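# Inside the fold
The residues making up each chain are set out below.
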Amino acid sequence: MSIERYEPNQRMSQAVVHGGVVHLAGQVAAEVQGVSAQTEAVLAKIDRLLAEAGSSKSQLLSALIVLADIADFDAMNAVWEAWIDRANPPARATIGAALALPEFRVEIIVTAAVAG
């Protein structure tokens, strides 16, 4: 089976496809402030990467959401629930943890099936 890597650099790839599954790296959005705006920006990045890999949010298998402050859970969920394909929700977990940079409020990691 082949392995396809998207947007690789010396440390990581933004997405890797193998065995009919696309695995996305944790997506963050420091270019905007606030958990709602960051969640919207992160989900847009996820949409773009999934499309490049031949998938979409309707094919999500799992999601891990990491919040710098778990008190942001409701604000993040409002954006998530407006975005998610409600007919095809993934398995999901949300945790609170320190993120790599203090300006990061949310990081989202997903896996999805690839059409084909």
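The coordinates are above.
Here goes a summary of the coordinates provided. Here the structure is a predicted model, which means the values were calculated and not measured. (Residues numbered from 1 in each chain as written. Predicted model: local features only at pLDDT ≥ 70, side-chain atom pairs only at ≥ 80, totals over all residues. Heavy atoms only, no water.)

### Some thoughts on the nonpolar core
- Residues Val22, Leu24, Ile46, Trp80, Val106 and Ile108 are the most contacted members of the largest nonpolar core, which totals 27 residues.
- When residues of this core are traced back to their parent elements, those giving at least two are β2 (15–18), β3 (21–24), α1 (35–52), β4 (60–67), α2 (73–83) and β6 (106–113).
- The dominant element in this core, judged by the number of residues it contributes, is α1, at 7 residues.
- Not counting the four nearest positions on each side in its chain, Leu24 is found in contact with Gln14, Ala15, Ile46, Leu49, Leu50, Ile109 and Val110. (Core = buried A, V, L, I, M, F, W, Y, C linked by side-chain atoms within 4.5 Å. Buried < 20%, exposed > 50% of the residue type's maximum accessible area, 1.4 Å probe, protein only. Helix = DSSP H or I, 4+ residues; strand = E, 2+ residues; numbered from the N terminus. Contact = heavy atoms within 4.5 Å.)

### What about the pattern of salt bridges?
- Scanning all chains against the criterion turns up 4 salt bridges.
- Two residues, Arg48 and Glu7, come together in a salt bridge whose shortest N-O distance is 2.6 Å. A residue pair is termed long-range when its members are at least 10 positions apart, and Arg48 in helix α1 and Glu7 in the loop between β1 (3–6) and β2 qualify at 41 residues.
- Measuring nitrogen to oxygen at the nearest pair gives 2.8 Å for the salt bridge that ties Glu52 to Arg48. A residue pair is termed a helical-turn pair when its members lie 3 or 4 positions apart in one helix, as Glu52 and Arg48 do in helix α1 at 4 residues.
- A relative accessible area of 39% means that Glu52 is categorised as partly exposed.
- Take Arg48: its relative accessible area is 38%, and that puts it in the partly exposed class.
- When salt bridges with common partners are traced through the structure, they connect Glu7, Arg48 and Glu52 into a single cluster. (Salt bridge = Lys/Arg side-chain N within 4 Å of Asp/Glu carboxyl O.)

### Looking at the sheet that holds β6
- Here 6 strands make up an open sheet; going across it, the order is β1-β2-β3-β6-β4-β5 and the pairing mixed. Edge positions in the sheet fall to β1 and β5 (91–96), since each of these pairs with one other strand and no more. For this sheet the average axis-to-axis angle between neighbouring strands, irrespective of direction, equals 10°.
- Here 3 bridges tie β3 to β6, and the two strands are oriented antiparallel to one another. Considered in β6, the bridge of His23 is made with Thr111.
- Across the sheet, α1 is in contact with β1, β3, β4 and β6; its angle to β6 comes to roughly 25°. (Pairing = 2+ DSSP bridges. Axes fitted to C-alpha atoms, helices over the stretch in contact; angles between N-to-C directions.)

Interpretation in functional terms is not warranted from these geometric data alone.
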